[in-house]
Amino acid sequence: MKPEDYEVVIRPLPVADGGRYLATAPALPGCKSDGDTPQDALANAYDAIACWIEAAEELGRAVPAATRAAA
């Protein structure tokens, strides 16, 4: 599985929370990242997904199948 196979949800953060963009991977509990732009948040999310999968495999935990929302 590639990080790009997973759905990533990006939303702006309020100014009080830094005003950046938050990216989460709904299929992977706790997998999130952020960035200055939506594109940065997406790139950082793909890195976080790769790390999440690597850690799960090292711990012998199941990795959820990649899913994408219908457009």
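Please read all numbers here as calculations on a predicted model, not as lab measurements.

**Q** Could you give an account of the side chain of Ser33, with specific residues and numbers?
**A** Among the structural elements, Ser33 can be located in strand E3 (residues 32-35). A relative accessible area of 19% places Ser33 in the buried class. For Ser33, the residues in contact, after removing those within four places along its chain, are Tyr21, Leu22, Ala23, Asn44, Ala45 and Ala48.

**Q** Break down the nonpolar core for me, citing the residues and quoting the values.
**A** Listed in full, the twelve residues of the largest apolar core are Tyr6, Val8, Ala23, Ala25, Leu28, Cys31, Ala41, Ala45, Tyr46, Ala48, Ile49 and Ile53. With six residues, the single largest contributor to this core is helix H1 (residues 38-58). Ala45 has contacts with Val8, Ala23 and Ser33, leaving out every residue within four places of it along the chain.

**Q** Break down the environment of Val9 for me, with residues and values.
**A** Here Val9 lies in strand E1 (residues 9-12). Spatially, the C-alpha atoms of Val9 and Ile49 are 12 Å apart, while their sequence positions differ by 40 residues. Other than its neighbours up to four places away in sequence, Val9 contacts Leu22, Ala23, Thr24 and Pro26.

**Q** Can you tell me about the sheet that holds E3, naming the residues and giving the values?
**A** Spatially, E1-E2-E3 is the arrangement adopted by the three strands of the open sheet, whose pairing is antiparallel. Unpaired on one side and paired on the other, E1 and E3 mark the two borders of the sheet. Each neighbouring strand pair of the sheet contributes to a mean axis angle of 25°, computed without reference to strand direction. Taken together, the four bridges between strand E2 (residues 21-24) and E3 define a ladder with antiparallel strand orientation. Its bridge partner being in E3, Leu22 is matched across the sheet by Asp34.

**Q** Describe in detail H1, supporting the description with residues and values.
**A** Its 21 residues place the ends of H1 30 Å apart at the C-alpha level, agreeing with the 30 Å of an ideal helix rising 1.5 Å per residue. Residues Ala41, Ala45, Tyr46, Ala48, Ile49, Ile53 and Ala56 constitute the buried set of H1. Taken together, the buried residues of H1 touch E1, E2 and E3. Just past H1, the residue Gly60 takes up positive phi, approximately 75°.

The rules behind each value
Residues numbered from 1 in each chain as written. Predicted model: local features only at pLDDT ≥ 70, side-chain atom pairs only at ≥ 80, totals over all residues. Heavy atoms only, no water. Helix = DSSP H or I, 4+ residues; strand = E, 2+ residues; numbered from the N terminus. Buried < 20%, exposed > 50% of the residue type's maximum accessible area, 1.4 Å probe, protein only. Contact = heavy atoms within 4.5 Å. Core = buried A, V, L, I, M, F, W, Y, C linked by side-chain atoms within 4.5 Å. Pairing = 2+ DSSP bridges. Axes fitted to C-alpha atoms, helices over the stretch in contact; angles between N-to-C directions. Expected span 1.5 Å × (residues − 1).

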